[in-house]
Amino acid sequence: MWQVVFIYKKDWRSAFVSAALYFGLFICILTELLSVFNSLGFVGVLSGWLIYGICLSVFLFVKYKKGEFSVLKIPFSFLRKKESLFLGFLLLVTFFIAVCYPPNNWDSMTYHLPRIEHWLQNGNLDHYYTSNLRQVVSAPFAEIAILHGRVLSGDDWLMNLVQWSAYLGTIIVISRIAASLGLDRRKQIIASLFFATLPMAILQASSTQTDLVEAFWIVCLVDRFFSWKKERTLLLSVDFGIALGLAILTKGTAYAFALPFVAYFAILCCKDYRKYMVGAVLAAVICLAINMPHFTRNYISYKNPLGIHSDKTVSDFSLSSFAISFVSGAYVNVPVPLPFSIEINNALKEVDKSKFPYGSLLVHSYGSWKNDIKNIPPFHEDTARNTLHFIIFLIALFVSLYKKKYRVYASLVALSWCVFAFFIPWQPWVTRLQVPLFAISAPLFAALFDSEKRLRSLNFILLFICCFSLLPLFFNRIRPLLSINQIPVIKNWTVKENIWNTSRERLLFNNKSYLYEDYRDACISLSENNVQDIALVIGGDSWEYPLWYHLRHSMVSLPHIQHLAIDSIQNSSQKVFFINIQRDETITIDSTSIEVKKDIPSVYYRDNANKTK
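Residue numbers here run from 1 along each chain, matching the order of that chain's written sequence. With pLDDT at 70 or above as the cut-off, local features in this predicted model cover only qualifying residues; side-chain atom pairs require 80 or more to be listed or tallied, and sums for whole chains, interfaces and linings still use all residues. By convention in this description, side-chain values take in all heavy atoms of the structure and omit both hydrogens and water.

A. Local environment of the overall build of the chain. A tally of helices and strands in the chain yields 25 helices and six strands. Every residue pair with non-hydrogen atoms within 4.5 Å of one another is taken to be in contact. Taking the intrachain contacts of the chain between residues at least 6 apart in sequence as the baseline, contacts between residues at least 24 apart amount to 76%. In these tables, accessible area is a Shrake-Rupley quantity obtained with a 1.4 Å probe, and a residue counts as shielded only by the protein chains included in the view. With the model as given, the accessible surface of the chain reaches about 26,400 Å², and the carbon-plus-sulfur share is 64%. Numbering of helices and strands starts at the N terminus; helices are DSSP runs of H or I of at least 4 residues and strands are runs of E of at least 2.

B. Spotlight on the pattern of salt bridges. Salt bridges are defined as contacts in which a side-chain nitrogen from Lys or Arg sits within 4 Å of a carboxyl oxygen from Asp or Glu. Scanning all chains against the criterion turns up 22 salt bridges. One salt bridge in this structure joins Lys-187 and Asp-184, with 3.0 Å as the shortest N-O distance. Throughout, exposure labels follow a simple rule: accessible area from a 1.4 Å probe, protein chains only, divided by the maximum for the residue type, with under 20% read as buried, over 50% as exposed, and the rest as partly exposed. Relative accessible area serves as the criterion here: at 12%, Lys-187 is assigned to the buried category. Classification of Asp-184 as partly exposed rests on a relative accessible area of 38%. Between Arg-432 and Asp-211 there is a salt bridge, with the nearest N and O atoms lying 3.3 Å from each other.

C. Fine view of the pairing of strand S2 (residues 560-563). Every second residue of S2 is oriented toward a common face, the buried set being Ile-561 and His-563 and the non-buried set His-560 and Gln-562. Strand pairing is defined by DSSP finding a minimum of two bridges between the two strands. Two elements, strand S1 (residues 533-538) and S2, share four bridges in a ladder whose sense is parallel. Paired with Ile-534 across the two strands is Ile-561, which belongs to S2. Here is how to tell: hold the view so the strands point away, follow the path from the first strand over the helix to the second, and if it runs clockwise the crossover is right-handed. With helix H25 (residues 545-554) bridging S1 and the parallel S2, this β-α-β connection has right-handed handedness.

D. How the structure looks around the packing of helix H13 (residues 234-250) against helix H15 (residues 273-302). Geometry is summarised by axes, namely lines fitted to C-alpha atoms with helices restricted to the contacting stretch, and by angles between N-to-C directions that run from 0 to 180 degrees. Between H13 and H15, the least distance of the axes is 8 Å, while the angle of their chain directions is 30°. Taken as axis vectors, H13 and H15 run roughly parallel relative to one another. You can see that H13 and H15 cross each other, and the crossing is right-handed. Of the residues in H15, those touching H13 at Leu-234, Ser-237, Val-238, Phe-240, Gly-241, Ile-242, Leu-244, Gly-245, Leu-246, Ile-248 and Leu-249 are Val-278, Gly-279, Leu-282, Ala-283, Ile-286, Cys-287, Ile-290, Asn-291 and His-294. For this classification, under 35 degrees means roughly parallel, over 145 means roughly antiparallel, 65 to 115 means roughly perpendicular, and everything else is oblique. In a left-handed crossing the near helix is turned counterclockwise from the far helix by less than a right angle, and in a right-handed crossing that turn is clockwise.

E. Structural detail: the packing of helix H3 (residues 42-65) against helix H8 (residues 141-153). The geometry of H3 relative to H8 is characterised by a closest axis approach of 9 Å and an angle of 105° between their N-to-C directions. Accordingly, the angle class assigned to the pair H3 and H8 is roughly perpendicular. In this structure, H3 contributes Phe-42, Val-45, Leu-46 and Trp-49 to the contact, and H8 contributes Leu-147, His-148, Val-151 and Leu-152. Under this grouping Gly is polar, as are all residues other than the nonpolar Ala, Val, Leu, Ile, Met, Phe, Trp, Tyr, Cys and Pro and the charged Asp, Glu, Lys and Arg. Of the residues contributing to the contact of H3 with H8, the split by class is seven nonpolar, one polar and no charged.

F. Representation of the nonpolar core within the structure. Core analysis: the largest hydrophobic core is formed by 169 residues, its most contacted members being Phe-141, Tyr-167, Phe-195, Trp-217, Phe-261, Tyr-409 and Ile-440. Looking at which element gives the most residues to this core, the answer is helix H12 (residues 211-231), with 13 residues. The contacts of Phe-195, once residues within four sequence positions are left out, are Tyr-167, Thr-170, Ile-171, Ile-174, Ala-201, Leu-212, Val-435, Phe-438, Ala-439 and Ala-442. Only buried residues count toward a nonpolar core. Its members are Ala, Val, Leu, Ile, Met, Phe, Trp, Tyr and Cys residues joined through side-chain atoms within 4.5 Å.

G. Region of interest: a nonpolar patch on the surface. Like-charged residues are merged into a patch within 9 Å and nonpolar side chains (Val, Leu, Ile, Met, Phe, Trp, Tyr) within 5 Å, provided each residue has over 30% relative accessible area and no salt bridge. Nonpolar side chains collect at one region of the surface, where Phe-42, Val-43, Leu-46, Leu-50, Ile-54, Val-58, Phe-61, Val-62 and Leu-152 lie side by side and expose about 820 Å² of accessible area between them. Its place among the elements puts Ile-54 in helix H3. For Ile-54, a relative accessible area of 53% corresponds to the exposed category.

H. Representation of the packing of aromatic side chains. Stacked, tilted and edge-to-face are the three classes assigned to paired rings of Phe, Tyr and Trp, where Trp is represented by its six-membered ring and a pair needs centres within 6.5 Å; plane angles under 30 degrees give stacked, over 60 edge-to-face, the rest tilted. All told, the structure shown has 37 aromatic pairs when counted by the stated rule. Look at Phe-95 and Trp-164: their rings are 5.1 Å apart centre to centre, the planes differ by 70°, and that puts the pair in the edge-to-face class. On the criterion of sequence distance, the pair formed by Phe-95 in helix H5 (residues 82-100) and Trp-164 in helix H9 (residues 161-180) is long-range, its members being 69 residues apart. With a relative accessible area of 35%, Phe-95 lands in the partly exposed category. Among the residues examined, Trp-164 registers a relative accessible area of 14% and is labelled buried. Aromatic pair Phe-509 and Tyr-516: ring centres 5.6 Å apart, planes at 75°, arrangement edge-to-face.

I. How the structure looks around the environment of Arg-176. With respect to the secondary-structure elements, Arg-176 resides in helix H9. For Arg-176, a relative accessible area of 13% gives the class buried. Counting along the chain gives 16 residues from Arg-176 to Ser-192, while the straight-line C-alpha distance between them is 9.2 Å. Excluding anything up to four places from it in sequence, Arg-176 contacts Asp-11, Arg-13, Ser-14, Val-17, Asp-223, Arg-224 and Ser-227.

J. Region of the structure containing the side chain of Ser-207. Position of Ser-207 relative to the elements: it lies in the loop between helix H11 (199-204) and H12. Among the residues examined, Ser-207 registers a relative accessible area of 1% and is labelled buried. Pairing of N or O atoms within 3.5 Å defines a polar contact, subject to two protein rules: one partner must be a possible hydrogen donor and the other a possible acceptor, and residues neighboring in sequence count only if both atoms are side-chain atoms. Here the side chain of Ser-207 touches Gln-209 through a polar contact of 3.1 Å, landing on its backbone nitrogen. Apart from residues no more than four positions distant in its own chain, Ser-207 is found in contact with Asn-160, Gln-163, Glu-381 and Arg-479.

K. Up close: helix H24 (residues 516-528). For H24, with 13 residues, the first-to-last C-alpha span of 18 Å sits near the 18 Å given by 1.5 Å per residue. Among all positions in H24, only Tyr-516, Tyr-519, Ala-522, Cys-523, Ser-525 and Leu-526 are buried. At the exit of H24 stands Asn-530, carrying a positive phi of roughly 50°. Multiply 1.5 Å by the residue count of a helix minus one, and that product is the helix's expected span.

What follows is the structure, given as C-alpha cells:
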C-alpha cells in the first residue's frame, strides 16, 4: 500500500501516513464484512489478505508496464544521523522483546485478548454475554488488528507487534509534523527521538495495550490537519476523517485528544464554507461510517452507541473535577513531594469521593503510590512515570507559546492536555493514557532548540534522556531483558522470570506468577475429560486469556467457552463444565458450598445427574 500511494505522493512520509490510513480502513472493512457472513476465521481472513495482495500486485504491475512506477526511497540523510542510530537500537530491542515474550499485560489477560478469542469462536464481532463489559463495549480497532495476526499465525507470536508497529509509525509521523513546523532534518529526528525514549512508550512497544495504536492515529490526524491547512484539498479532508474515525475506534480517550484539532478544522472550514464545507461533511461522514458498526452493536445491546462505562473512568465535567484531575495528572509525573503536602492532603480528603473513585493523587489508597524519586522504578507499563519528558515538555510548551512561529500548534497541544483532564478523571494509571499527548508534544521539544544558544545544551539533554531510556528498555517490570536480583537496590525492579530462564507459557503469568499452576492444572483436567462446553463464572477483572492459551495448547480442538451469570447456574439444564475465576466469592452449586481463594481459579464440572466429578 505504501508503494502504491508513493506513486502519487512523492514525499515518502506523506505517502506513509496515507497508506497507513487506507491500510487501517481496509482492516476494518474486511473484518466487518467477514463478521456479517459469520466467516471471521482462518479461511475468511486468509482469503481477504490474498485478494488484497493480488489486487495491489496487479495494480503495481500495470503501473510498471506503463512506465508510471517509481520506487519508494527513504533519504539516507535520515539514517546517517547519530540520533537515528539510537532510534534504530530502540526499535530493534523492543522488536526482539515483542517477539520473544508472550502477551502478558494485565488488561490483555482480562479483556483485550479474550474478546479476540470469543470473536473467533463466534465467527463475528457481535456482542455476547460477558462478566467483563470492556470485552464488548470498548473501542475494538487494536484488537481487530491483533486478531488478524492471531488467525494467520495460529498463536500469539505476532500479537505484540501491533503496538510495536504503532510505535514505529508514530516515530515516523512525528518527524513529519516537526517538518510542518519548519524544523530542519536533524530536529525532525530529535522530535521523534523525544517520543521514542518516553518510558511508557518503550514499555508498551512490546505489549498488547492500545495506547500506542491510539497515539499513532492521533499523530496521523494532526499531520493530515496541517497538510490540509496548507493545501486545502478534498483528499486530505478524507484522510482527516479516516484518521479521526480510526482513532475513535481504537480508544475512547481519542475524543479528548482530537477535539482541539477537529474544532480548529471545523472553524477554518466554516470561514470559507462554500469551498470547504463539502470536505468537512465528508470527513464527518467517513468518521461516523467507520465507527457505525460498533456504535450499532452497542446501541442494540445497551441502547447507547457508546455502551455502558464505569463511573470511575468518566468525568462529571465539573470545574472541581477538572482542577484536581489536571493537577494530579501532571503531578504524577513529578517524583517530588509538594510543598504544604500535609495541608493539601487534608483538604483533598474532603473531596467528594463519588467524583474521584480512585481518590486524588495524594489521598487515594490504591496501592503504595508515593511521589518520591525512589519510586520512579519499577518500570511497569501501567504506571511508569515520564518524569524527564514531562519537565522538558513544560519548558518547551511555555517557550513555544511565546514564539509566534509555534504558538498555534503549542496552543492546540495545551488544549488537548486540558480537554483530557476535563474528560477523564485522575486514575492510578493515567500516565499510560497520556501517551498520545506526549506524541503530539514531541515536536515542541525540537522547536525548543531553534536558536544557536540553546543548541549547545541539546547534546547534553539528548544524552541524558537516551541513557535514562535504557532503564525501561532493559528493566521492563514484566518483560525484562535483564534481571539483576543480587543487587538489593534494584532487585525488585523486575520479576525474576525472563526469556533467558523461563518457558514462554510461564512468562504469560509474569504479572501474577502464582496463578500459573492453577490455570495449568485446570486445563489439564479439562483436556483429560475431553470437555466440549465450558461455562465461565468469572469476575469483572479476572484473568480469562490464560484459559484460552492453555486449552489451545493442550487440546486438539478448543471447547466452546461462554460466560455465565452466577444466578443462572441453578437453572442451567445444559451439560456444561463450570469454571469459576472469582475474587473472594463463595459460590453454591447444588447446595455444595465452595470457597474460592482470591484470584485462584477453581474448576468444577457436573452433568445432569448432579454428580460431581
